[in-house]
Amino acid sequence: QMHLVESGGGLVQAGGSLRLSCASPSCPTYTYLVMGWFRQAPGKEREFVAAIYFNEDSTKYADSVKGRFTISRDNAKNTVHLQMNSLKPEDTAVYYCASVRRFTLTTDRDHYTDWGQGTQVTVSS
């Protein structure tokens, strides 16, 4: 099982930026071909945010974050990042990193096999 650790969350004003990181100290991220970010706001279901294939050429984003968020991965450092710009209050949630061994991108949270503990992102208006 892959151990994932998120960091970089915090409190930011609307319009600001944050960069989340997901590290895998125990297992190289390149062995998990797809890495994803999900988020869960209070009282809501966990939803897809972004995903990236191991070669970085393939990415997928939720419509709500397209043009504002960018997912990237550094396989040499076993790390995946989520750069979040132009943040809005509705982006407030706990953000989770996830991984799965598969050869196609997926937005379905049930496909992901390993999850981090999450990091809180709060955007004030």
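Everything discussed here concerns the structure shown above.
In this report, the structure presented in the accompanying data block is examined. All values reported here derive from a predicted model rather than from experimental measurement.

Within the secondary structure layout, G8 lies in the loop between β1 (5-7) and β2 (10-13). With relative accessibility at 34%, the residue G8 sits in the partly exposed group. Between the C-alpha atoms of G8 and V123, which are 115 residues apart in sequence, the distance is 13 Å. Contacts of G8, omitting those with residues within four sequence positions, involve L18, R19, L20 and T119.

Note on placement: S17 falls in the loop between β2 and β3 (18-23). Residue classification places S17 among the partly exposed residues on the basis of a relative accessible area of 40%. For S17 and L87, which are 70 residues apart along the polypeptide, the C-alpha to C-alpha distance reads 6.2 Å. A distance of 2.9 Å separates the side chain of S17 from the side chain of N85, its partner in a polar contact.

Here we come to the state of the cysteines. For the structure on display, the rule yields 1 disulfide. Between the sulfur atoms of C22 and its disulfide partner C97 the distance amounts to 2.0 Å. Sign of the S-S torsion, about -75° for the bond between C22 and C97, identifies this disulfide as left-handed. Taken together, the positions of C22 in strand β3 and C97 in strand β9 (residues 93-100) put the pair 75 residues apart, joining distant regions of the chain.

To continue, consider the packing of aromatic side chains. Think of a pair of aromatic rings as described by two things: how far the centres are apart, and how the planes are tilted against each other in angle. Overall, the coordinates contain 4 aromatic pairs when judged by the stated rule. Ring geometry for F38 versus F48: centroids 5.7 Å apart, planes at 75°, classification edge-to-face. One end of the pair, F38, is in strand β4 (residues 34-40); the other, F48, is in strand β5 (residues 47-53), with 10 residues separating them in the sequence. A ring pair is formed by F38 and Y112, whose centres lie 5.1 Å apart and whose planes are at 80°; its orientation type is edge-to-face. Here F38, found in strand β4, pairs with Y112, found in the loop between β9 and β10 (114-115); they are 74 residues apart in sequence, far enough to count as distant. F38 sits in the buried class, given a relative accessible area of 1%. Among the aromatic residues, ring-to-ring pairing joins F38, F48, Y112 and W115 into one connected group.

What counts as what
- Residues numbered from 1 in each chain as written.
- Predicted model: local features only at pLDDT ≥ 70, side-chain atom pairs only at ≥ 80, totals over all residues.
- Heavy atoms only, no water.
- Helix = DSSP H or I, 4+ residues; strand = E, 2+ residues; numbered from the N terminus.
- Buried < 20%, exposed > 50% of the residue type's maximum accessible area, 1.4 Å probe, protein only.
- Contact = heavy atoms within 4.5 Å.
- Polar contact = N/O pair within 3.5 Å; in protein donor to acceptor, adjacent residues only side chain to side chain.
- Disulfide = S-S within 2.5 Å.
- Phe/Tyr/Trp six-rings, centres within 6.5 Å; stacked < 30°, edge-to-face > 60°.

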